[in-house]
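Structural overview
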Amino acid sequence: MIIGVDHGYADVKTPNFVFAKSVVTYEKEPPFLHDTVLFGGKYYCCGGERDTLIKNKTTDESYYILTLLAIAKELELRGNGEKNIDMDVDLAVGLPIQKFSSEKEKFIEYLKRPRLLRDVCPVKYVYNKTNYNVRIANVHVYPQGYSAIVNKLTQIKEPVIICDIGSWTVDVMQLNEKGVPEIGSCVSLEYGVSHLLSDIQKDVFANHDNNIKESLIESVLKGTPNRVSTDIVRTIEAKAQEYTREIRYRLIKNGFDLDNNRLIYIGGGANIVSKYSDKKIDREDVIGDVRANAIGYELITKQKLNG
């Protein structure tokens, strides 16, 4: 079974699920078991209020636990209701292109966990009253951003700039008219959506004496129902407009020609830029599905393994 997992700094995505990068550990059974993994004698409650962002995803076991949850969710969805699942899994994951070469092997080692699990085959855990015996047979690693558009490469007939706006970074790459990445053009800017959320929280506190949560800010940005006051909504939307202008400015500053290339926004911030941009351009596209990278990882792996 091939399962794509996009280990975002704020959210973890699979082809069918999105849940927050959040892990709370309990030594004994917690009162609520929603999205809880029982592993190694401990209970890990996942998907709640987001943890503090960390740049290095391999410093603790959080992303490993979230990977086990991702696998279980996908196997549960794709299965037939069995309560004992024994499965070989090929993980298809990604890294920012500028970190790809330096972190690939370390990330593979982390997900296979040879240094922490003596009985790595299988990994045994419980999720949603189902026992999982999972053998992580292989870990396939691909460049973020590029993977999200892999199913559209045959449609590319002109130079394209891919702008992947994640939680921590904005990863940008140039593709030529044949859809081939120009590796030397790749940049990673530490100006992801978390920076926007932090700036909004500071402005809302300074102007409205209100400690607004990220989840409420996101509901405003997404246009979902909320009870945020009109004045605070104006502050949030003004900062979102500033953020989109700054994204474009930083792309131009780093040498990207936005006038003569098609620009494709992807990632968690793509819809924000699309919604709040004050400069609508015909040659800008948005892939708003935050699961696009995870879907791409699976697709590339299936193509690779099937020849």
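**Observations regarding the nonpolar core**
Counting residues in hydrophobic clusters, the biggest one holds 39 residues, and the most contacted among them are Phe 39, Ile 71, Leu 91 and Tyr 125. If you list the elements that add at least two residues to this core, you get β6 (36-39), β7 (42-46), α1 (62-78), β8 (84-95), α2 (100-112), β9 (123-127) and β10 (130-143). Examining the composition of this core, we find that 10 residues originate from one element, α1, more than from any other. The residues contacting Ile 71, other than those within four sequence positions of it, are Ile 3, Val 89, Leu 91, Tyr 125, Val 134 and Ile 136. Ile 165, Val 172, Val 193 and Ile 272 belong to the second-largest nonpolar core, a separate cluster that totals 33 residues.

**Observations regarding the sheet that holds β8**
The 7 strands are arranged β1-β8-β10-β9-β6-β7-β5 in an open sheet whose pairing can be described as mixed. Each end of this open sheet is capped by a strand with a single partner; those strands are β1 (2-4) and β5 (23-26). The sheet shows a mean angle of 35 degrees between the axes of neighbouring strands, direction not considered. Across the sheet, α2 touches β8 and β10, and the angle it forms with β10 is around 170 degrees.

**Remarks on the packing of helix α4 (residues 214-222) against helix α5 (residues 230-253)**
Where α4 meets α5, the closest approach of the two axes is 10 Å, and the angle between their N-to-C directions is 75 degrees. Of the possible angle classes, the one that applies to α4 and α5 is roughly perpendicular. Where α4 abuts α5, its residues Ile 217, Val 220 and Leu 221 lie against Val 233, Ile 236 and Ala 240. Counted by class, the contact of α4 with α5 contains 6 nonpolar, no polar and no charged residues.

**Overview of the pattern of salt bridges**
Under the criterion given, the structure shown has 19 salt bridges. For the salt bridge of Glu 74 with Arg 78, the shortest nitrogen-to-oxygen distance reads 2.8 Å. With Glu 74 and Arg 78 both in helix α1 and 4 residues apart, the pair spans about one turn of that helix. Assessed through its relative accessible area of 0%, Glu 74 is described here as buried. Glu 284 serves as the salt-bridge partner of Arg 248, at 2.3 Å between the closest nitrogen and oxygen. With Arg 248 in helix α5 and Glu 284 in strand β15 (residues 284-286), the pair connects residues that are 36 residues apart, well separated along the chain. Summarising the burial analysis for this pair, Arg 248 and Glu 284 share the class buried. The network of salt bridges with shared partners includes Asp 11, Arg 50, Glu 214 and Glu 218.

Rules used throughout
Residues numbered from 1 in each chain as written. Predicted model: local features only at pLDDT ≥ 70, side-chain atom pairs only at ≥ 80, totals over all residues. Heavy atoms only, no water. Core = buried A, V, L, I, M, F, W, Y, C linked by side-chain atoms within 4.5 Å. Buried < 20%, exposed > 50% of the residue type's maximum accessible area, 1.4 Å probe, protein only. Helix = DSSP H or I, 4+ residues; strand = E, 2+ residues; numbered from the N terminus. Contact = heavy atoms within 4.5 Å. Pairing = 2+ DSSP bridges. Axes fitted to C-alpha atoms, helices over the stretch in contact; angles between N-to-C directions. Parallel < 35°, antiparallel > 145°, perpendicular 65-115°, else oblique. Nonpolar A, V, L, I, M, F, W, Y, C, P; charged D, E, K, R; others polar. Salt bridge = Lys/Arg side-chain N within 4 Å of Asp/Glu carboxyl O.

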